[in-house]
Every structure is written in structure tokens, then in C-alpha cells.
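Listed here are the chains, written in short residue letters.
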Amino acid sequence: MKNIVCVLFVCACVHTIDSTTLVYNMKIRRAFAAGSLLSINKKRHFAWLLTALPIYYQRTRNLSVQQLPNTVHEKTTSGGSIFNVRMLAPYHWWAEVTTGLEKQTAQYGAPSNTEVSRTGLDDIVASIGKNFFFAQDNGQLVVYGIAGFPTHRDVSLHDQFDPLVGTRFFGLGGGGEISYSFIKEPRQALIGIIQTRFVHFFNRSWSPILPCDARIQPGNVTDLVMLLQYRKNKNVF
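Reading the values: the criteria
Residues numbered from 1 in each chain as written. Predicted model: local features only at pLDDT ≥ 70, side-chain atom pairs only at ≥ 80, totals over all residues. Heavy atoms only, no water. Helix = DSSP H or I, 4+ residues; strand = E, 2+ residues; numbered from the N terminus. Buried < 20%, exposed > 50% of the residue type's maximum accessible area, 1.4 Å probe, protein only. Contact = heavy atoms within 4.5 Å. Salt bridge = Lys/Arg side-chain N within 4 Å of Asp/Glu carboxyl O. Phe/Tyr/Trp six-rings, centres within 6.5 Å; stacked < 30°, edge-to-face > 60°. Polar contact = N/O pair within 3.5 Å; in protein donor to acceptor, adjacent residues only side chain to side chain. Patch = residues over 30% accessible without salt bridge, like charges linked within 9 Å, V, L, I, M, F, W, Y side chains within 5 Å. Areas by Shrake-Rupley, 256 points an atom, 1.4 Å probe, with all protein chains shown as cover. Core = buried A, V, L, I, M, F, W, Y, C linked by side-chain atoms within 4.5 Å.

**Student:** Help me understand the overall build of the protein, please; the structure alone is not making it clear to me.
**Tutor:** Assigned secondary structure in the protein consists of one helix and 14 strands. Taking all 237 residues of the protein together, the buried fraction comes to 43%. Across the protein, every contact between residues at least 6 apart in sequence was considered, and the portion connecting residues at least 24 apart equals 65%.

Structural data, given as C-alpha cells:
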């Protein structure tokens, strides 16, 4: 067994109305897969990649709450770092674990006029998959399974609009990706990528926000991401 440790530092800034926690965000997680392209993984060798992703996240939205006469304006900011450990195994198998250390602050305007904050670990998301190559290795198909584990299960009244730092739910799903290299040279590459994923989040109680005998149904998340990825030497855009 041969181990290769590579540490990558990437900075991302996100402004979105998506309520999915950051460790599930496919646009962010794609940076971890890009890092594996920089490591040479022969059939009988193992490689390890450790990725640190400093991140700042901002979201604004208007909430309609039955208990309040008017809509509530929300502004959420998160700062911290997402950490990913990826193992590249023989025959193009791979496995990874992702989590984040973050501080999230939510400000709610009239009529509530409140501010809540939390610092801690995001959910722990584990994935395992396999890469298949075609078209003389210019094309690639990836299939994988994904499981999410909340680091915080307790719910407080501060989570009445949206959980802070993590989902509080267990998740299970799978996804796939297909890509093709239009340019594939040692110094530069241009890749077209289509990625999709389905994740089911399991029901649970939501007390004290809901009655003790009530259960919340988070439902499912389906994502579709299409992108172009350009690499110049070891810089990926």
C-alpha cells in the first residue's frame, strides 16, 4: 500500500436562497472531486486527500409564518471551514467523509426582531463510489451512494425557522456524474460535467417547536448541476 497525502486550500463565497446545509451542497462538494484529479492513482496504490475549504455563506429570504401577522425577513450568514477526507482505492474506487466547523448567525426582522447564533460541527456526510472511463479515458462515469449523520439531534426554539449548523436529520441517497474532456493535456484541461443526486431525509419529532406526538417530514432533495471545469497546471476553475 502506498499513501499519498495532499492538502488543498480553496476559498468559496456563496450567495443563495437554498436551505440545504453546506456539507450537502453539490457545487461546494465538487471541489473535493477536482482535487483527486491532481493525485496519481495507479490500480494497486492507495491515495489520501485532505481538503480544507474556507467558506463564507449568505442567504436572505422572506418567511410566511402562520403565528405572525406579517412576513419575516431573514438574513443568515455562515463562516468557517469544510473538511473532506477522501481515499482513492485500487480499480478507481473511492470513499470520503465530509463535515464542517462553522458559525451561523440568523437575523429576523419585524415583527420578531431577533438574532440567534450557533457555533459547531455541521452534519457528517459519507460517500462511497466508483469511476468508470470510456472514449479512450476522455469520458468518465461516476456512481456513488451517500449517507448523512447529524452531529446535533436536539431541537430548540431557535430552530423554528431553520436549523442552525446542520440539518438534525438522517439522510440516505445516491448520485451519478458523467463528464467528457474536450481538452486533455498535461498543462491544461477543459471538462464538461453533468451531475445529479437524490437524498431522502427521514422523519423525526420536532419538539418543542411542534407538539411531542407530531413528526416533521423533511422530504427529499434532488439536485442537477451542469458545469465547465478548466484546469491550468494545478489551478482548477
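Right, picking up where we left off after that structure.
**Student:** What should I look at first to understand the pattern of salt bridges in this one?
**Tutor:** If charged atoms from side chains of opposite charge come close, those side chains can pair. Per the stated rule, a full pass over the model turns up seven salt bridges. Put simply, E74 and R59 hold a salt bridge, and the shortest N to O gap is 3.3 Å. With E74 in strand β4 (residues 72-88) and R59 in strand β3 (residues 47-63), this pair connects stretches of sequence that are 15 residues apart. Here D162 ties to R59 by a salt bridge, and the two come within 3.2 Å at their closest N and O atoms. With a gap of 103 residues between them, D162 in the loop between β8 (139-149) and β9 (171-184) and R59 in strand β3 connect regions that are remote in the sequence. Of the two residues, D162 and R59, neither departs from the other in class, the shared state being buried. Beyond isolated ion pairs, a larger network of salt bridges with shared partners links R59, R61, E74 and D162.

**Student:** Whenever I open this one, the packing of aromatic side chains confuses me. Can you help?
**Tutor:** Two aromatic rings, taken as a pair, are described by how far apart their centres are and by the angle between their planes. On inspection of all chains with the given rule, the structure shows five aromatic pairs. Judged by centre distance (5.2 Å) and plane angle (0 degrees), the rings of F169 and W206 are stacked. Placement of the pair is F169 in the loop between β8 and β9 and W206 in the loop between β11 (204-205) and β12 (215-216), with a sequence separation of 37 residues. Between Y180 and F182 the ring centres are 5.4 Å apart and the planes differ by 70 degrees, which places this aromatic pair in the edge-to-face class.

**Student:** Is there a simple way to think about the side chain of R168 in this case?
**Tutor:** Summarising the element assignment, R168 is placed in the loop between β8 and β9. At 3.2 Å, the side chain of R168 and the backbone oxygen of V165 are in polar contact. Not counting residues within four places of it along the chain, the set of residues in contact with R168 comprises R118, D123, P150, H152, R153, D154, D159, P163, R204 and W206.

**Student:** Looking at this structure, how should I read a nonpolar patch on the surface?
**Tutor:** Taken together, the side chains of F132, F134, L141, V143, I178, I194, L224 and M226 make up a nonpolar region of the molecular surface, amounting to roughly 730 Å² of accessible area. The set of elements that each furnish at least two residues to the nonpolar patch consists of β7 (124-134), β8 and β13 (219-232). If you trace the backbone, F132 turns up in strand β7.

**Student:** Is there a simple way to explain the nonpolar core in this structure?
**Tutor:** Considering soluble globular proteins, one finds that nonpolar side chains tend to be buried as a cluster. By size, the foremost hydrophobic cluster in this structure holds 17 residues, and its most contacted members are L22, Y24, I28, I82 and F201. Taken together, the elements giving at least two residues each to this core come down to α1 (26-36), β3 and β10 (188-201). Considering each element in turn, this core owes the most residues, three residues, to β3. With near-sequence residues (within four places) excluded, Y24 lies in contact with R29, D123, V125, G148, F149, T167, G171, R197, V199 and F201. By size, the runner-up hydrophobic cluster in this structure holds seven residues, among which are L63, V72, Y108 and L164.

**Student:** What am I meant to see in unusual backbone geometry here?
**Tutor:** In the segment running from S207 into P208, the intervening peptide bond is cis, with an omega of 15 degrees. Its location among the elements puts P208 in the loop between β11 and β12. Phi is positive for D137, which is not a glycine, with a value near 65 degrees. Looking at the secondary structure, you find D137 in the loop between β7 and β8. Residue N233 is not a glycine yet carries a positive backbone phi of 55 degrees.

Shape descriptors only; they carry no functional weight alone.
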